[in-house]
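Coordinate inspection notes
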Amino acid sequence: MIEKKNLFINGAWVAPKGGEWLSVENPATKEVVGEVAKGGQADVDAAVAAAKSAFTGWSRRTATERADYVHALKDLVKRDKEKLAAIITSEMGKPLKEARVEVDFAIGLLRFAAENVLRLQGEIIPGNSPDEKILIDRVPLGVIGAITAWNFPLALCARKIGPAVAAGNTIVVKPHELTPLACLHFAKLVEEARIPHGVINVVTGDGKDVGVPLVAHKDIKLITMTGSTPAGKKIMAAASETLKEVRLELGGKAPFMVMEDADLDRAAEAAVASRFGNAGQVCTCNERTYVHEAVYDRFVQKVRAKIEALKVGLPTDPATDMGPKVSENELNKVHEMVEHAVRQGARLAIGGKRLTGGVYDNGYFYAPTLLTDVAQDMDIVHNEVFGPVMSLISVKDFDEAIAWANDCRYGLSAYLFTHDLGRILRMTRELEFGEVYVNRPGGEAPQGFHHGYKESGLGGEDGQHGMEAYVQTKTIYLNA
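Parameters at a glance
Residues numbered from 1 in each chain as written. Predicted model: local features only at pLDDT ≥ 70, side-chain atom pairs only at ≥ 80, totals over all residues. Heavy atoms only, no water. Core = buried A, V, L, I, M, F, W, Y, C linked by side-chain atoms within 4.5 Å. Buried < 20%, exposed > 50% of the residue type's maximum accessible area, 1.4 Å probe, protein only. Helix = DSSP H or I, 4+ residues; strand = E, 2+ residues; numbered from the N terminus. Contact = heavy atoms within 4.5 Å. UniProt positions renumbered as here; feature names shortened; annotations may be inferred. Pairing = 2+ DSSP bridges. Right-handed = clockwise from strand over helix to strand, strands pointing away. Axes fitted to C-alpha atoms, helices over the stretch in contact; angles between N-to-C directions. Parallel < 35°, antiparallel > 145°, perpendicular 65-115°, else oblique. Left-handed = near helix turned anticlockwise from the far one by under 90°. Nonpolar A, V, L, I, M, F, W, Y, C, P; charged D, E, K, R; others polar. Domains from an automatic or database assignment. Buried area = accessible area lost by both parts, 1.4 Å probe. Salt bridge = Lys/Arg side-chain N within 4 Å of Asp/Glu carboxyl O. Polar contact = N/O pair within 3.5 Å; in protein donor to acceptor, adjacent residues only side chain to side chain.

Some thoughts on the nonpolar core
Core analysis: the biggest nonpolar cluster contains 55 residues, and Val77, Leu154 and Ile171 have the highest contact counts within it. Phe276, Val303, Met390 and Tyr437 belong to the second largest nonpolar core, which has 33 residues in total.

Listed below in structure tokens is the structure:
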């Protein structure tokens, strides 16, 4: 019998006031792996009230005390690594080996937050009189509302919870309704770490019933959200009613540029890893691959061989390289984009279909797909695929690669493979993306700063700059 999982509010596990539940499905098998509370307005109100009540005491604790709690939470995540990885795989479908990497990333995010809250610094400025000093202090905001996406169910919760509470805030988290189980286990570890009641609260449910009232709540001081660009725009509009701060990590359409002087073996390996990891369901994925015409044919051969070697299968199988899409809707969306690209003139080299037979019949498996002869004006070059589809586009030179890379409404991540220092320096000036990987596959670091330009979001996360998003400045004119 599937256990029903309650909401975590004010340090207790409570049933939803509406008495409704949501099923969580394993996308590899279509089996129900959990039943979670379907929260609503009343549950959001209760969680925010608990967080508001806890804020005064929590914010008055020293940075060292708060860091110790986050360290304890990190250690419990480390202890439960295998259990958490299994939960992530069961609800999201990523291979178990990738789920372990996600848990490690969550550990790193918590570690950074705990270690660096002690480095949140203020300033002292000379005053207008001999005995005056002007202090610029950094103080917590209050109650944070956090909304996470389905593709990294644990890491995205840790990414928001760690710096928010380390900096002295309290938080209400809404995990995505497709993948809430890892966050709920994380809440059990919050309980075990004896973090004071109300500091961290988790309300499961859908966007309409939980996300909307969370964004609209007058006592929420900042909304941090990871998700789609259309959803982010709605959140920004709704947050304006109460003038709350907004941090949005949204869609991406990362260009992957391979110049004629690149190490083609290294570039091909990185291109495939950065496209097909997590079945392409990563906002920093290689979404469009620009290859210099002098090496285009050779590069096609190299990536084709690597794609054909990918093993698609059950995510619990250690030999599996790629699991299913997260849902049937997501699979159908990707397939329609591929078919549309072919209608517009792209050539289907590999894949382009739903996988069937054997274990494939029980889940949402899509074949790793390679499209060649893709043109810059095709829709698939401009719309986020978020699936296991590599689009190869030939460019005549670096100027064209930069121009076409920037011809995009998104600006999150980009990739460049070249040994030409001049090109790399030009890229730092001309490429309109917040995060660039040079001669390496994707994967941000906890100490970096993960942020995008244009329609990829506002603000950013990770590192010291990300932590500073969870505090506000207070200017004090100090006189004896």
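The discussion continues.
Quick look at the side chain of Lys74
The topology assignment puts Lys74 in helix 2 (residues 63-79). Each residue touching Lys74, except ones within four places of it in the same chain, is listed here: Ile107, Leu110 and Arg111.

Regarding the UniProt feature "active site" (unreviewed entry) in the protein chain
UniProt records the feature "active site" (unreviewed entry) at Glu249, using the numbering of this structure. Looking at the secondary structure, you find Glu249 in strand 12 (residues 245-249). By relative accessible area, which is 5% here, Glu249 ends up buried. When sequence neighbours within four positions are dropped, the list of residues in contact with Glu249 reads Arg159, Met225, Thr226, Gly227, Cys283, Leu412, His450, Ser456 and Glu461.

Quick look at the pairing of strand 9 (residues 170-174)
Of all 5 residues that make up strand 9, 5 are buried, and the element is covered over most of its length. Along strand 9, one buried face is formed by Thr170, Val172 and Lys174 and the opposite face, lined by Ile171 and Val173, is buried too. Bridge count for strand 8 (residues 143-147) against strand 9 is 5 bridges, and the pairing is parallel. Counterpart to Ile144 in the pairing with strand 9 is Ile171. Following the chain from strand 8 across helix 5 (residues 155-166) to the adjacent parallel strand 9, one finds a crossover that is right-handed. The pairing of strand 9 with strand 10 (residues 200-202) spans 3 bridges and is classified as parallel. Counted as the bridge partner of Ile171 is Ile200 from strand 10. Crossover connection from strand 9 via helix 6 (residues 181-192) to parallel strand 10: handedness right-handed.

Notes on the packing of helix 1 (residues 41-60) against helix 7 (residues 207-216)
One can describe the packing of helix 1 onto helix 7 by two numbers: an axis separation of 8 Å at closest approach and a directional angle of 45°. It follows from the interaxial angle that helix 1 and helix 7 lie oblique. Here helix 1 and helix 7 pass one another in a crossing that is right-handed. Residues Gln41, Val44 and Val48 of helix 1 form the contact with helix 7, whose own contacting residues are Asp209, Val210, Pro213 and Leu214. Classifying every residue of the contact of helix 1 with helix 7 by side-chain character gives 5 nonpolar, 1 polar and 1 charged.

A look at the domain arrangement of the protein chain
Domain assignment breaks the protein chain into domain 1 (4-250 + 456-479) and domain 2 (254-445). For domain 1 versus domain 2, the separation of C-alpha centres amounts to 31 Å. Across the contact, 24 residues belong to domain 1 and 31 residues belong to domain 2. Buried surface at the junction of domain 1 and domain 2, summed over both partners, amounts to about 2,200 Å²; 56% is from carbon and sulfur atoms. Considering only the side of domain 1, the residues that lose the most area to domain 2 are Ala28, Trp150 and Ser456, jointly responsible for 23% of the buried surface there. When the shortest N-O distance is used, the salt bridge between Lys97 and Asp321 registers 3.3 Å. Across the domain 1-domain 2 interface, the total number found is 12 residue pairs in polar contact (both at pLDDT 80 or more).

Looking at the sheet that holds strand 14 (residues 286-292)
Picture the strands of a sheet paired through backbone hydrogen bonds; they go either parallel or antiparallel. Across the sheet, 7 strands lie side by side as 15-16-17-14-13-19-20; this open sheet has mixed pairing. Every other strand in the sheet has two partners, leaving strand 15 (347-350) and strand 20 (435-438) as the edge strands with one partner each. If you compare each strand with its neighbour and ignore which way they point, the axes differ by 25° on average. Both strand 15 and strand 16 (residues 369-372) contribute to a ladder of 3 bridges, which runs antiparallel. Across the sheet, the residue bridging to Leu348 is Leu371, located in strand 16.

Thoughts on the pattern of salt bridges
Applying the stated rule across the entire model yields 36 salt bridges. One salt bridge connects Asp399 with Arg426, and the closest N-O pair in it is separated by 2.8 Å. Separated by 27 residues along the polypeptide, Asp399 in helix 12 (residues 398-406) and Arg426 in helix 13 (residues 421-430) bring together distant segments of the chain. A relative accessible area of 44% places Asp399 in the partly exposed class. On the accessibility criterion, Arg426 (24% relative accessible area) is partly exposed. A salt bridge links Arg423 to Asp420; the shortest N-O distance between them is 4.0 Å. The buried category is assigned to Arg423, whose relative accessible area is 14%. Classification of Asp420 by relative accessible area gives partly exposed; the value is 32%. The network of salt bridges with common partners includes Lys38, Asp206, Lys208 and Asp209.

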